[in-house]
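The chain contents come next:
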Amino acid sequence: MAHMSVLGCEFIAVRRSPIRSMRPLPSSPAEDASAQILPRPVVVLIAGVLSGLSWGGAPSEFGAFSSINYPVAISRWSDLPSDLLGRILQLLELPEALSLSAVCKSWSSAAAAAGVPRSCTPWLMSWSRYPVEDPQGRLCHTEFRSLLDACKAYDVSFSRASSLAWCGASHGWLVAVDELSNLLLCNPFTFATIPLAPITDLDCVEAVHDSEGSVVGYLFGKNKNQNVIGAKSIGTWFYQKAVLSCAPSKGGDYTTMLIHFDLNQISFAMAEGRWRLASTLPQESKDRYADCVYHRGRFYALTMHGILEMWDLDDGSCEPTKSVFFPSGDGKYRNVFLRFLVSTPWGDLLQIRFLRLSHGTKRIKVQVRLVDIKKNRLVKLRSSAVFQKHAVFVGQNHSACLPTKNFPELKPNCVYFTRYWLVNRENWGFGSEGVGGVGIYNLQSDVLEEAFPSYEHEYSDYLLPSEVWITPNL
């Protein structure tokens, strides 16, 4: 059982099993809810309430509604009385409440009256490495935070079986690790889940089975070291970042790009396809991947040394084809500890790099460069002006560049970032000595501030990141 506080109301809900529903929610509330497909947990809840009313009594789970006396004949979802919707909203966790508020205008109004935040700006999702203390120990505790109210946190629980860890967020979908260390896509706002190809598609991993045929662990490495790694253990560190070419709900024709192993391998998997290892950086090079992104029909990967790889999966061949730019890097490796790739709404591909400073009072400097593929060069941009009307979100998520005119709560020309896994650890560890966590870097003033001042979380060079930006696709 989980609790959520919305404007003083305590939301209490038992997490229901997610279902596979591939129809996306509308981009804006519709006039009539009768034609909309609702998430199954919401439908079950409403049906239970209405059934209780039609019987003249309410099931025990909905005992709070037994005193309500409404006509039973309701022809459309939108005809539900607003105070009844308000009671229902009090039984929902945040993602369910957001889904309900997107169904139609009347439901959106009821949700707003109940204090449900209505925003499509990125949410910060953070999680604990340990399960919630429920009777079965099968829930994973997460917290959602909105930039609309930086001091408020919403508790949300996921099934531990489908959320052992997370390694990305792309187009409104989380990339989760299940109990067998396989990846799956999870939409926390529609409750849809899509399993990706198993980890054993990769040649470096071989499953170990018990006498009944169940997977109990894996042999791992080039030579399949005989030390068996637990089925859950490998998934907590093997995957570093995953991004999607598009949202799966747009018809299923999507591709997943994955950085994995020791930050030195890239693999691809098309929808319902197998993992294909595409690239491995030599161990002796000491170079590792820093970020990946999907931009204008192609995938791109950037290394810590500044080498850029462009991957084309649409040339008709069976294997991805790679083009390399800046093969010698950019010469900034010793100073740069974070690199990100950003696809902008105006069609440019940008590189954002975080440099540490060894002098003065400021600890870091953020620079922005235009990646000119045609001329094979990096173009220096005036950081104070490049995002004057936009805000950028980077980290474990698929980078996002959002117009502030559509999201007035965001600060223009700022980089919102989370603690990151793909970091140059020769210069900086996960903790980043005071730079880790969730921050906002103002490119115009070169000022770094905390995004959520009241957010208390343990940071260490030895603990893996546990936050990601997730943008609702409501």
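Residues numbered from 1 in each chain as written. Predicted model: local features only at pLDDT ≥ 70, side-chain atom pairs only at ≥ 80, totals over all residues. Heavy atoms only, no water.

Looking up the chain in an unreviewed UniProt entry gives the name F-box domain-containing protein, with the organism given as Eragrostis curvula.

A. Examining the overall build of the chain more closely. When helices and strands are counted, the chain shows five helices and 30 strands. Residues counted as buried form 55% of the 474 residues belonging to the chain. For the chain, long-range pairs separated by at least 24 residues make up 51% of all intrachain contacts whose partners lie at least 6 apart in sequence. Accessible surface computed for the chain: about 20,700 Å², of which carbon and sulfur atoms make up 50%. (Helix = DSSP H or I, 4+ residues; strand = E, 2+ residues; numbered from the N terminus. Buried < 20%, exposed > 50% of the residue type's maximum accessible area, 1.4 Å probe, protein only. Contact = heavy atoms within 4.5 Å. Areas by Shrake-Rupley, 256 points an atom, 1.4 Å probe, with all protein chains shown as cover.)

B. Here's a closer look at the state of the cysteines. Within the structure shown, the criterion is met by zero disulfides. With no disulfide of its own, Cys167 lies 9.8 Å from the sulfur of Cys292, the closest cysteine sulfur. (Disulfide = S-S within 2.5 Å.)

C. Summary view of unusual backbone geometry. A positive phi angle, close to 60°, is found at Leu263, a residue other than glycine. Take Leu263: it is sitting in the loop between β14 (255–260) and β15 (265–270). Judged by relative accessible area, Leu263 falls into the buried class, the value being 5%.

D. The arrangement of the pairing of strand β18 (residues 298–303) in detail. For β18, a buried count of five out of six residues is recorded, marking the element as mostly surrounded by other parts of the structure. One ladder, built from six bridges, connects strand β17 (residues 289–295) with β18; its direction is antiparallel. Across the sheet, Val293 pairs through a bridge with Tyr300, a residue of β18. Between the antiparallel neighbours β17 and β18 lie two residues, among them Arg296 with a positive phi of about 50°. Bridging between β18 and strand β19 (residues 308–312) involves four bridges; their strand directions are antiparallel. Along β19, the bridge assignment pairs Phe299 with Trp311. Two successive antiparallel strands, β18 and β19, enclose a turn made up of four residues, where Gly306 displays a positive phi of approximately 100°. (Pairing = 2+ DSSP bridges.)

E. Layout of the side chain of Asp312. Here Asp312 lies in strand β19. When its relative accessible area of 17% is taken as the criterion, Asp312 is described as buried. Residue contacts for Asp312: discarding those within four places in its chain leaves Arg298, Pro320 and Thr321.

F. Highlighting the sheet that holds strand β23 (residues 364–372). With antiparallel pairing, four strands are arranged side by side in an open sheet as β21-β22-β23-β24. Taken across any chain shown, the strands that pair with only one partner, and hence form the sheet edges, are β21 (336–343) and β24 (377–380). Looking at each pair of strands side by side, their axes are set apart by 30° on average, direction ignored. One ladder, built from four bridges, connects β23 with β24; its direction is antiparallel. Looking at the pairing, Leu370 lines up with Val379 of β24. (Axes fitted to C-alpha atoms, helices over the stretch in contact; angles between N-to-C directions.)

G. Structural view of the sheet that holds strand β6 (residues 165–170). Reading across from one edge, β6-β7-β8-β9 is the order of the four strands in this open sheet, with antiparallel pairing throughout. Bordering the open sheet on either side are β6 and β9 (193–195), each of which pairs with just one other strand. For this sheet, the mean inter-axis angle between neighbouring strands, taken without regard to orientation, is 25°. Alignment of strand β7 (residues 173–177) against strand β8 (residues 183–186), held across four bridges, turns out to be antiparallel. Bridge pairing in β8 places Ala176 opposite Leu184.

H. Spatial organisation of the nonpolar core. Among the nonpolar cores identified, the biggest contains 39 residues, and Met257, Ile266, Trp311, Ile352, Phe354, Phe387 and Leu443 are the most heavily contacted of them. Dropping the residues within four chain positions of it, Phe387 is found in contact with Trp346, Leu350, Ile352, Val368, Val392, Cys401, Pro412, Asn413 and Leu443. The next biggest cluster of nonpolar side chains, apart from the first, holds 34 residues, and it includes Ala110, Trp123, Cys140 and Leu184. (Core = buried A, V, L, I, M, F, W, Y, C linked by side-chain atoms within 4.5 Å.)

I. Fine view of the environment of Tyr416. Along the polypeptide, Tyr416 turns up in strand β27 (residues 414–417). We classify Tyr416 as buried; its relative accessible area is 2%. Apart from the residues lying within four places of it in its own chain, the contact partners of Tyr416 are Leu147, Ala391, Val392, Phe393, Val394, Leu410, Lys411, Gly439, Ile440 and Trp469.

J. Structural context of the environment of Trp469. Of note, Trp469 is situated in strand β30 (residues 467–470). For Trp469, a relative accessible area of 2% gives the class buried. For the pair Trp469 and His398, spaced 71 residues apart in sequence, the C-alpha separation works out to 8.6 Å.

K. Just the environment of Ala176, in detail. Tracing the backbone shows Ala176 in strand β7. Expressed as a C-alpha distance, the spacing of Ala176 and Tyr239, which sit 63 residues apart in the sequence, is 9.9 Å.

L. Representation of the packing of aromatic side chains within the structure. Taken as a whole and assessed by the stated rule, the structure comprises 20 aromatic pairs. Here Trp123 and Tyr154 contribute two aromatic rings whose centre-to-centre distance is 5.7 Å and whose plane-to-plane angle is 75°, an arrangement assigned as edge-to-face. With a gap of 31 residues between them, Trp123 in strand β3 (residues 123–131) and Tyr154 in strand β5 (residues 149–159) connect regions that are remote in the sequence. On the basis of relative accessible area, Tyr154 is assigned to the buried category, the value being 4%. Ring-pair connections join several aromatic residues into one group, and the members of that group are Phe220, Trp237, Phe238, Tyr239 and Phe261. (Phe/Tyr/Trp six-rings, centres within 6.5 Å; stacked < 30°, edge-to-face > 60°.)

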